[in-house]
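Inside the fold
Chain by chain, the residues:
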Amino acid sequence: MSTSDALVFVVDDDASIRRSLVRFFRSAGLMAEAFESARAYLDRPPPAGPSCLVLDVQMPELNGLDLQRALIESEREEQIIFLTGKGDIPMCARAMKAGAVDFLPKPFKDDELLSAVERALVRSREQRLRRTEQSEARTRIATLSPREYQVFEGVIAGKLNKQIAADLGTALKTVKVQRGRVMEKMGVVSVAELVRQAQQAGVAPS
Amino acid sequence: MMHREMSSRLVALVIAFSLLAAAHAGDTGEERKNVLILCGERPDLPAVRAVMETFRERFGAATAPRVEWFSEYFDFARFPAEQHEANLVRYLSERYAGRHIDLVLPLTGFALDFALRHRDQLFPGVPMVFIVLDPREVKPERLPADVTGVTAHLDFQRTVDLALQLQPQAREIVAVSGASALDASLLEQGGRVLDGYKDRIPWRAVAQRPLREMIEEVRRVRPGDIVLFISAIRDSEGRALTIPEVSRALVRVSAAPIYGLSGTVLDTGAVGGALIDFPALGRQAAELALKVLRGAQVPYGTPETDTRNPLIVDWRALKKWQLPESRLPAEAIVRFKPPSLWKQHPGIIIGVVAVMAMQSALIARLLVNRAKRRRAVRALAESEERMALAADAANLGMWVWDVAGEDAWMTEQGRALFGFKPDARIDYSAIFDRVHPEDREAREAAIKRALETQGKYEMEYRVQLPDGAVRWIAARGRSVGKANGRGQKLLGVSMDVTAQKQAQEALRESEARFRTVANTAPVMIWMSGTDKRCTFFNKGWLDFTGRAMEQELGHGWAEGVHRDDFDRCLEIYARAFEARKTFEMEYRLRRADGEYRWVLDNGTPRFSSDGVFLGYIGSCVDITERKQAELEVARQRSELSHLARVALVGEMATSLAHELNQPLTAIVANASAAHRFLARGNMSPDEFRELLVDIVADGCRAGEVIRGIKGMVRKVESERRALNVNEVVADVLRLVRADALAHGCTLTTKLEPTLSPVLGDAVQLQQVLLNLIINAFDAMRKTPNAPCRVEIQSRMIDTHAIEVAVRDFGPGLPADSPSRVFERFYSTKGDGMGMGLAIARSIIEAHAGTLDAENAEGGGARFWFRVPAYVTTPAEVPV
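As the structure is a computational prediction, the values presented were derived from the model and not from experiment.

**Observations concerning the overall build of chain B**
Scanning chain B from terminus to terminus reveals 28 helices and 29 strands. The 879 residues of chain B split such that 35% are buried. Contacts in chain B between residues at least 24 apart in sequence constitute 65% of all its contacts with a sequence separation of at least 6.

Structural data, given as structure tokens:
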């Protein structure tokens, strides 16, 4: 694996598991960092680069599933692989539904764990990409004037210039000028591109 | 006659005084002599002590010469002369170089040999007086003229004769001897004498053994045979011994009488023998030494150097082994005999008899010389007065019976004894009539014997008084004058012994009554005396063991006690005995049919009415059935608790699987890592070593979990040993950790660090604790909103109990009656937990503890058990 910037986090209350997993990931060329409890992980600033979380289900106080929930609630979307010595189907289903990458039994098979980590890191990277695009789109949108934003909304909703002018109560000519400024500020040449940017920024057509 | 005896005593005294005076006159006053004692043995040997004590005592009594003592103890028995001789010679010559020694006193043959060998170098020309225990060690022809001494000798012949006289039925003589050179040489000497008896009785030796084997061998000697204890200075393991200590040990175990040869066996319980009289030896040697110091020469072999061992017998040993005193030869000296009624007042009686003798002499003189009659009458009156005074004091009646004349004279007390009026005429037939018809014949015979042999008359008989009352009289007299001759008289004293007789009778009756009760009681009863030996067994006991009273008496009963129980019982008995406390013990006793049965034996000390300790009495019941029932209950409990344990472990299976998965996961991860590192070839040896260490540690951890499970499900016999409860808690915590996680429960512990140990079964106590903890988890499930928390606490209650408590924060127990939990659980069928608690309680009760529950302050239930602390005083070890 060539993902040298990627980071694997291990959270397990068992010290020997922590040591062995960190060692194992290192042997596979992955940087790994271990935490003895969910609380300790939460205290760490969120990772900057691509990462994944290998998480023990059974832990005192906050268990693995609790940590997953806490991360979702604080809008952190770590890619999580659960390890459990005693997993049952409902527990597994709950974890997967909440977006876990995989749910593996202890002891694990090494290639299974590695491929799960690989998948998780791919997802993490994609996620990061999405986040970059979104923030770029949002930055561009932020440069639009209120009137230009109204025109932007109209365009991505698939309205014709005539309809937009009618909605806004302005002249068709004015709309055309403003539409040209929007396309310029958003750095696009086609409506399709504009719509994609809007999607990336999370702006839904009203 | 008495008169003559007295005067001869006086003569002896006068002679003794004059001798002393002569000795005194011969003294030169300030003369000082140096005497060196060379003892071949160690100073603490009783024989050596006895000899030296009287030796110095005799010197002390002599006013001159004044003596300066020097002593050297070589202890050749343990430090053989041949190894140390050169050093010893150098040491002595240096030590005494500047001193003039006037007399050397070698003690023992080895010392004499040594002194003679080095005489020229060490003490040239210094006279010697030796004390040697075996005449064979002295070569008279090689002794210089100025070397003399006394030799004791072991008188096997007369000792064996004594034994055979006392025990004509004996089948064997067992000769006991130690392992030192002296012991061996004495045994050899004795063997030659014993060989001479071969036609009458066979013999064998117990020698060259460790002390305990000697004791064991003697324990096995049949009652009625003869144990001849020759000597034991050292045993085969090199242990230094003394004759009294070995003799005491042998007496304690032996069913057969023990005879000895050395005076030091006296008062150890042995019968005795022709014993070396060590004090006499010391005294004789001292006499000799005094003479030598004064310049006399007394060559060895003269009568002054000769010794003869007195035949001494311990009366108590005769009684113990039931040897009849009547078989003793005339020369035997009986020691330790309690004084008889007469012996308690010898002064009075001798006095009275003497006065009477004088009186008769006076009467005789009156007849010869009438002229002195008046004076004689006066003297007689005076004498009578004195006599009456003495008799009055002793409440004695005196009488004289003129055999030919039939007439009898009696003092007033005497008349009162027989119910005669003071002025009534008394003759032989008058007295005869008063004697109880049943006793007349015996009394006549006794009188006849006294008259014929001109000997003593001694008799106890009943007198029937005119008013019908019966009185016991003890009479003692002596025949005076020629047998059947004219003037033969019988004179003596009589005493009222009715009270003593009645007391004896009452005692006999009460004993008879006791025996009747004891023999009809449905239990086995035994009694022992102050020496721990058994003196009585009731019919119940004898029927049970199928043995005769004689076989069981003393220590005979011990043969029936199971070998494995014997030492323990003996210890309990001895310990209680010393403390005069009651005891209770269980042991297996052989029944008449050969089967060993468990009996429960309760012993109680006996005391006389005035508080004197008399021994013990005990009763036993056969508790084999009860014991078997107990064993069966224990077996069932163990079976049940095993099932419960299996069920418990089953309940925890998934948690335990998790507990096992943790180390396995770590092992797999580490192994995979190693695999990859090796493939890439970029692992340092240090790193690799570290990884392997981790794998080993995790492997061990997995093993421990498995052992824990195995311990719980394995079917084992209950095994009690001293345990630290905190370790039990730690073991259980390892097992339940996973379960606690699964329940989302926090386990906290408050363990007192210094707990006394408890005597218990580790697996069973783990089971109880496991039960309580899992119960606590379950209880917490009923209150899902409270934080799941379980507390385990251990602590000492005072100093005698240990408490372990498991506290949860669940809904608690029913407030009205917390203990109903146990009932309800008990009646809940099928549910493993319900059975579990009931079994837990029975386990704790089997540990002499209690298991209970209560509502804790601040909510939740608290289950606790207490078990007694294990105190390692052997007396309290459960049997």
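**Regarding the overall build of chain A**
Tallying secondary structure elements over chain A gives nine helices and five strands in all. When contacts within chain A are restricted to residue pairs at least 6 apart in sequence, long-range pairs at least 24 apart make up 63% of them.

**Quick notes on the interface of chain A and chain B**
Often, the extent of an interface is quoted as the loss of accessible area upon association of its parts. Listed by partner, the interface residues are 18 residues for chain A and 23 residues for chain B. With eight residues, helix H1 (residues 15-27) of chain A is the single largest residue contributor to the side of chain A that touches chain B. Across the side of chain A that touches chain B, the residue classes break down as seven nonpolar, five polar and six charged.

**Concerning the nonpolar core**
Residue and element names in this part refer to chain B. Leu105, Val176 and Val227 are the most contacted members of the largest nonpolar core, which totals 96 residues. Examining the composition of this core, we find that nine residues originate from one element, helix H10 (residues 278-293), more than from any other. Sequence-distant contacts of Leu105, that is, excluding residues within four places in its chain, are made with Val35, Leu36, Ile37, Leu38, Val129, Phe130 and Ala289. In terms of nonpolar packing, the next biggest core, distinct from the first, is built from 52 residues, Leu660, Val725, Val758 and Val790 among them.

**Observations concerning the sheet that holds strand E21 (residues 596-607) of chain B**
Residue and element names in this part refer to chain B. Taken in spatial order, the five strands line up as E19-E18-E22-E21-E20 in an open sheet, and their pairing is antiparallel. The sheet is open, and its two borders are formed by strand E19 (534-537) and strand E20 (583-590), each paired with just one other strand. The sheet shows a mean angle of 25° between the axes of neighbouring strands, taken without regard to direction. As paired strands, E21 and strand E22 (residues 613-622) are joined by nine bridges and run antiparallel to one another. Bridge pairing in E22 places Gly603 opposite Gly618. Strand contacts of helix H21 (residues 563-579): E20, E21 and E22, with the helix running at about 150° to E20, the strand carrying the most contacts.

**Focus: the sheet that holds strand E24 (residues 746-751) of chain B**
All names here are of chain B. In space, the five strands of this open sheet follow the order E24-E26-E27-E29-E28, with mixed pairing throughout. The strands lining the two open edges of the sheet, one partner per strand, are E24 and strand E28 (850-855). Geometrically, the sheet is characterised by an average inter-axis angle of 15° between neighbouring strands, direction not taken into account. One ladder, built from eight bridges, connects strand E26 (residues 789-797) with strand E27 (residues 801-808); its direction is antiparallel. From the neighbouring strand, Arg795 faces E27, where its bridge partner is Glu803. Along the sheet, helix H25 (residues 725-742) makes contact with E24, E26 and E27, crossing E24 at roughly 175°. Running over the sheet, helix H26 (residues 762-781) touches E26, E27 and strand E29 (861-868) and is turned about 20° from E27.

**What about the environment of B:Glu82?**
Residues and elements named next belong to chain B. Looking at the secondary structure, you find Glu82 in helix H3 (residues 81-95). What makes Glu82 exposed here is the crowd of 7 C-beta atoms within 10 Å. For the pair formed by Glu82 and Phe114, sequence separation is 32 residues and the distance between their alpha carbons is 9.9 Å.

**A look at the environment of B:Ala240**
Residues and elements named next belong to chain B. Looking at where Ala240 falls in the secondary structure, it is placed in the loop between strand E8 (226-231) and helix H9 (243-253). Taking the C-alpha atoms as reference, Ala240 lies 9.9 Å from Gly178; in sequence the two are 62 residues apart. Other than its neighbours up to four places away in sequence, Ala240 contacts Arg78 and Arg234.

**Regarding unusual backbone geometry**
A negative phi angle is the norm for most residues apart from glycine, just as the trans form is the norm for most peptide bonds. In this chain, A:Lys106 is followed by A:Pro107 through a cis amide linkage whose omega measures -10°. You can see A:Pro107 is positioned in the loop between strand E5 (102-105) and helix H5 (110-142). Positive phi is not limited to glycine here, since B:Arg580 has a value of about 55°. Along the polypeptide, B:Arg580 turns up in the loop between H21 and E20. Residue classification places B:Arg580 among the exposed positions, given that 12 C-beta atoms sit within 10 Å. Look at B:Asp798: it is not a glycine, yet its phi comes out positive at around 50°. Relative to the elements of secondary structure, B:Asp798 occurs in the loop between E26 and E27. When the 6 C-beta atoms within 10 Å are taken as the criterion, B:Asp798 is described as exposed.

**Re the packing of H1(A) against helix H24 (residues 685-713) of chain B**
Interaxial distance between H1(A) and H24(B) falls to 11 Å at its minimum, and their mutual angle equals 145°. Our pair here, H1(A) against H24(B), has a crossing hand that is left-handed. Two secondary-structure elements touch here, H1(A) through A:Ser16, A:Arg19, A:Ser20 and A:Arg23 and H24(B) through B:Leu691, B:Asp694, B:Ala697 and B:Asp698. For the contact of H1(A) with H24(B), the residue count by class is two nonpolar, two polar and four charged.

**Re the pairing of strand E2 (residues 31-35) of chain A**
All names here are of chain A. Sheet topology places strand E1 (residues 7-11) next to E2; five bridges connect them, and they run parallel. Bridged to Val11 within E2 is Phe35. Where the polypeptide runs from E1 across H1 and back to E2, its parallel neighbour, the crossover connection is right-handed.

**What about the pairing of E29(B)?**
All names here are of chain B. Within E29, seven of the eight residues are buried, which leaves the element mostly enclosed by the surrounding structure. Relative to E29, E27 is paired through seven bridges, and the arrangement is antiparallel. When the sheet's bridge partners are listed, Ala805 is paired in E29 with Trp864. Bridge count for E28 against E29 is six bridges, and the pairing is antiparallel. Bridging across to E29, Thr850 finds its partner in Arg866.

**A closer look at the packing of helix H23 (residues 653-680) of chain B against H24(B)**
Residues and elements named next belong to chain B. Where H23 meets H24, the closest approach of the two axes is 9 Å, and the angle between their N-to-C directions is 160°. Comparing their axes, H24 and H23 come out roughly antiparallel. Between H23 and H24 lies a crossing of left-handed hand. For the pair formed by H23 and H24, the contact residues are Leu656, Glu659, Leu660, Pro663, Leu664, Ala666, Ile667, Asn670, Ala671, Ala673 and Ala674 on the first element and Phe688, Leu691, Asp694, Ile695, Asp698, Gly699, Arg701, Ala702, Val705 and Ile709 on the second. Within the contact of H23 with H24, the residues separate by chemical class into 15 nonpolar, two polar and four charged.

Cut-offs and rules
Residues numbered from 1 in each chain as written. Chains lettered and ligands numbered in written order. Predicted model: local features only at pLDDT ≥ 70, side-chain atom pairs only at ≥ 80, totals over all residues. Helix = DSSP H or I, 4+ residues; strand = E, 2+ residues; numbered from the N terminus. Buried ≥ 20, exposed ≤ 12 C-beta atoms within 10 Å, placed from the backbone. Contact = placed C-beta atoms within 7 Å. Nonpolar A, V, L, I, M, F, W, Y, C, P; charged D, E, K, R; others polar. Core = buried A, V, L, I, M, F, W, Y, C linked by C-beta atoms within 7 Å. Pairing = 2+ DSSP bridges. Axes fitted to C-alpha atoms, helices over the stretch in contact; angles between N-to-C directions. Left-handed = near helix turned anticlockwise from the far one by under 90°. Right-handed = clockwise from strand over helix to strand, strands pointing away. Parallel < 35°, antiparallel > 145°, perpendicular 65-115°, else oblique.

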